[in-house]
Amino acid sequence: VQLQASGGGLVQAGGSLRLSCKASGRTFSSYAMAWFRQAPGKEREYVAGIYRNGDFTNYGDSIQGRFTISRDNAKNTVYLQMDSLKPEDTAVYYCAAGPLLGKNVDYDFWGQGTLVTVSS
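Residues numbered from 1 in each chain as written. Predicted model: local features only at pLDDT ≥ 70, side-chain atom pairs only at ≥ 80, totals over all residues. Heavy atoms only, no water.

**Q** Got a sec to walk through the overall build of the protein chain? Specific residues and values, please.
**A** Counting secondary structure elements, the protein chain contains 0 helices and 11 strands. Along the protein chain, helices (α) and strands (β) appear in the sequence β-β-β-β-β-β-β-β-β-β-β when read from the amino end. The C-alpha radius of gyration of the protein chain comes to 13 Å, within 12% of the 14 Å expected for a compact globule of 120 residues. Over its C-alpha atoms, taken along the principal directions, the protein chain stretches across nearly 40 × 25 × 25 Å. In the protein chain, which comprises 120 residues, the share counted as buried stands at 43%. The contacts of the protein chain with a sequence gap of at least 6 include a subset with a gap of at least 24, amounting to 55%. Counting 12 positive and 10 negative side-chain charges, the protein chain places the averaged centre of each group 6 Å from the other. (Helix = DSSP H or I, 4+ residues; strand = E, 2+ residues; numbered from the N terminus. Rg over C-alpha atoms; globule rule 2.2 N^0.38 Å. Buried < 20%, exposed > 50% of the residue type's maximum accessible area, 1.4 Å probe, protein only. Contact = heavy atoms within 4.5 Å. Lys, Arg positive; Asp, Glu negative; His and termini not counted. Charge placed at Lys NZ, Arg CZ, Asp CG, Glu CD.)

Below, the structure written as structure tokens:
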């Protein structure tokens, strides 16, 4: 599985962005999908995850209801809708595919990352 993340960019605080991660291959629906982020000088952080058929999601503690993860298995794509963005959300965002859901899962495949910059 190859993952291609897109949708990052520069946005003002309080604004919104939607990230997309498109997967190649025919087995997309068999994977749980997740978004992570890594800011300069910081450890990688779990942002959100969604199970195979989209019926279960979870989020990192710092998200506080501002982001929504979703997926469209017909399009082999997972999305991250980010609202009420804050400067501390600035990071490179990565999508990942794995067998299970959660921040401590050993994900099998990773996308290349897309940069999100939130100005104050």
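**Q** How would you sum up the state of the cysteines? Please name residues and give values.
**A** The tally for this structure, following the rule as stated, stands at 1 disulfide. The disulfide that involves cysteine 21 links it to cysteine 95, with 2.1 Å between the sulfurs. Disulfide cysteine 21-cysteine 95: torsion about the S-S bond near 65°, hence right-handed. Here cysteine 95 lies in strand β9 (residues 91-98) and cysteine 21 lies in strand β3 (residues 17-23), a separation of 74 residues in the sequence. Summarising the burial analysis for this pair, cysteine 21 and cysteine 95 share the class buried. (Disulfide = S-S within 2.5 Å.)

**Q** Before we move on, can you summarise the pattern of salt bridges with the specific residues and values?
**A** Per the stated rule, a full pass over the model turns up 3 salt bridges. Salt-bridge contacts for arginine 66 lead to aspartate 89; the nearest nitrogen and oxygen are separated by 2.7 Å. Separated by 23 residues along the polypeptide, arginine 66 in the loop between β6 (57-59) and β7 (67-72) and aspartate 89 in the loop between β8 (77-82) and β9 bring together distant segments of the chain. With respect to burial, arginine 66 and aspartate 89 carry one shared label: buried. Sharing partners across several salt bridges, the network here consists of Arg37, Glu45, Arg66 and Asp89. (Salt bridge = Lys/Arg side-chain N within 4 Å of Asp/Glu carboxyl O.)

**Q** Help me get a handle on the environment of arginine 52, residues and values and all.
**A** Tracing the backbone shows arginine 52 in the loop between β5 (45-50) and β6. For the pair arginine 52 and threonine 77, spaced 25 residues apart in the sequence, the C-alpha separation amounts to 12 Å. Every residue in contact with arginine 52, bar those within four places of it in the chain, is listed here: Ser29, Ser30, Tyr31, Ala32, Arg71, Asn73 and Pro99. A polar contact is formed between the side chain of arginine 52 and the backbone oxygen of serine 30, at a distance of 3.1 Å. (Polar contact = N/O pair within 3.5 Å; in protein donor to acceptor, adjacent residues only side chain to side chain.)

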